[in-house]
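Residue-level listing of the chains:
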Amino acid sequence: TITIGVLALQGGVVEHLNLLRRATAQVSPAIEFALTEVRTPDQLARCDALIIPGGESTTMAIVARRLGLLDPLREFVKVQRKPVWGTCAGLVMLAEQASAVKQGGQELVGGLDVRVLRNRFGTQLQSFVAPLELGFLSEEEKEEKGKPAAPFRAVFIRAPVVEEIMAEEEGAGGGKPPVEVLGVYRKGDAEAEGKGDIVAVRQGNVFGTSFHPELTGDVRIHVWWLRQVVDSARHGKSIVQGA
Ligand code: GLN
């Protein structure tokens, strides 16, 4: 059994669980998944992979600190290197640095060598939905169906973007994987070609999206991510023997 946790301190927990339930059914009949809400270090320790949902990252960090979860989360992501996916506020949590944070700063889990800019597109009222071309979905669908994937309806709500990818420390020898840009949002045709906002990134087992796939009925990204979790569980040390 592969156990997928959703950090359930605040935010879009139920939405992720609902979509995960549908997505797990599509991955492979041979693989058994368990889904669980995570509110304690013990619950986290039982997970093979974790989703940090959208919501409000400052609040989430404060609650995580209070429940003694912040250091276990850092350990989960950076030491155990188990697969983690952060959506929106979850992406903020997974960044090593964030700008436009509240006065006094905010604690982060880290794991992605990026700096995010919070609330890039303004307030709640300026939320929007935009079609997004996601190459990683296309590759998979082209193989399966012989045609490229339809754009993903990306929901942006007070969304952060990745404003900077930190340079790899030269000769650090840490063997850290590079940060891959997996999604760029370009607004209409007003903006110059090539410009745009980075809204999906991956660094090794750490994945982040600015938008909210859990608020759509589209399971494609959840299915894609679960397949990576399965791969990682097979090859990584988090494999559950005999399950
Ligand atoms: N603006 C929020 C934050 O910075 C994220 C919003 C969201 O998750 N929808 O934490």
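Residues numbered from 1 in each chain as written. Predicted model: local features only at pLDDT ≥ 70, side-chain atom pairs only at ≥ 80, totals over all residues. Heavy atoms only, no water.

1. Quick word on the overall build of the protein
Then step 1. Within the protein one finds seven helices and 12 strands.
Then step 2. In terms of overall dimensions, the protein is globule-like: its C-alpha atoms have a radius of gyration of 17 Å, near the 18 Å expected for 243 residues.
Then step 3. If you take every contact in the protein between residues at least 6 apart in sequence, the share linking residues at least 24 apart comes to 72%.
Then step 4. Approximately 11800 Å² of the protein is accessible, and the part contributed by carbon and sulfur atoms is 49%.
Then step 5. Of the side-chain charges in the protein, 28 are positive and 30 negative, and the distance between the mean point of each set is 4 Å. (Helix = DSSP H or I, 4+ residues; strand = E, 2+ residues; numbered from the N terminus. Rg over C-alpha atoms; globule rule 2.2 N^0.38 Å. Contact = heavy atoms within 4.5 Å. Areas by Shrake-Rupley, 256 points an atom, 1.4 Å probe, with all protein chains shown as cover. Lys, Arg positive; Asp, Glu negative; His and termini not counted. Charge placed at Lys NZ, Arg CZ, Asp CG, Glu CD.)

2. Here's the deal with the pairing of strand β12 (residues 206-209)
Then step 1. Here β12 shows two buried faces, one formed by Val-206 and Gly-208 and the other by Phe-207 and Thr-209.
Then step 2. In sequence, strand β11 (residues 197-203) turns back onto β12 through a hairpin of two residues, with Gly-204 there showing a positive phi of about 60 degrees. (Buried < 20%, exposed > 50% of the residue type's maximum accessible area, 1.4 Å probe, protein only. Pairing = 2+ DSSP bridges.)

3. So, unusual backbone geometry
Residues other than glycine predominantly adopt negative phi, and peptide bonds predominantly adopt the trans conformation.
Then step 1. Of note, Arg-81 is a non-glycine position whose phi angle comes to about 55 degrees, a positive value.
Then step 2. Assignment of secondary structure puts Arg-81 in the loop between α4 (70-79) and β4 (84-87).
Then step 3. Non-glycine residue Arg-158 carries a positive phi angle of around 45 degrees.

4. Brief notes about the confidence of the model for the protein
Then step 1. Of all residues in the protein, 90% attain a pLDDT of 70 or more, and the chain-wide mean is 89.
Then step 2. Across residues 237-243 the pLDDT falls below 50, and counting only partners more than four positions away or on other chains, this stretch makes 11 contacts in the model. (pLDDT = per-residue confidence, 0-100.)

5. Considerations on the packing of helix α3 (residues 57-66) against α4
Then step 1. At their nearest, the axes of α3 and α4 sit 7 Å apart, and the two run at 105 degrees to each other. Taken together, the axes of α3 and α4 are roughly perpendicular relative to one another. For the pair formed by α3 and α4, the contact residues are Ala-61, Ala-64 and Arg-65 on the first element and Leu-70, Asp-71, Leu-73 and Arg-74 on the second.
Then step 2. Grouping the constituent residues of the contact of α3 with α4 by class yields four nonpolar, no polar and three charged. (Axes fitted to C-alpha atoms, helices over the stretch in contact; angles between N-to-C directions. Parallel < 35°, antiparallel > 145°, perpendicular 65-115°, else oblique. Nonpolar A, V, L, I, M, F, W, Y, C, P; charged D, E, K, R; others polar.)

6. What about the nonpolar core?
Then step 1. Counting 43 residues, the largest nonpolar core has Ile-4, Phe-156, Phe-211, Ile-221 and Trp-225 as its most contacted members.
Then step 2. Top element by residues in this core is helix α7 (residues 220-235). It accounts for eight residues.
Then step 3. Setting aside residues no more than four positions away along its own chain, Ile-221 makes contact with Trp-85, Leu-134, Leu-137, Phe-152, Phe-207, Phe-211 and Pro-213.
Then step 4. Listed in part, the 33 residues of the second largest apolar core include Leu-9, Leu-44, Leu-112 and Val-116. (Core = buried A, V, L, I, M, F, W, Y, C linked by side-chain atoms within 4.5 Å.)

7. Description of α7
Then step 1. Taking 1.5 Å per residue as the helical rise, α7 with its 16 residues ought to reach 22 Å, and the 23 Å between its terminal C-alpha atoms agrees with that figure.
Then step 2. Listing the buried residues of α7 in full gives Arg-220, Ile-221, His-222, Val-223, Trp-224, Trp-225, Leu-226, Val-229, Val-230, Ser-232 and Ala-233. (Expected span 1.5 Å × (residues − 1).)

8. Here's the deal with the packing of helix α1 (residues 13-27) against α7
Then step 1. Running from amino to carboxyl end, α1 crosses α7 at an angle of 65 degrees, the nearest separation of the two axes being 9 Å. The interaxial crossing formed by α1 with α7 has right-handed handedness. Of α7, the residues touching α1 (which contributes His-16, Leu-19, Leu-20, Ala-23, Thr-24, Gln-26 and Val-27) are His-222, Val-223, Leu-226, Arg-227 and Val-230.
Then step 2. Of the residues that constitute the contact of α1 with α7, the class distribution is seven nonpolar, four polar and one charged. (Left-handed = near helix turned anticlockwise from the far one by under 90°.)

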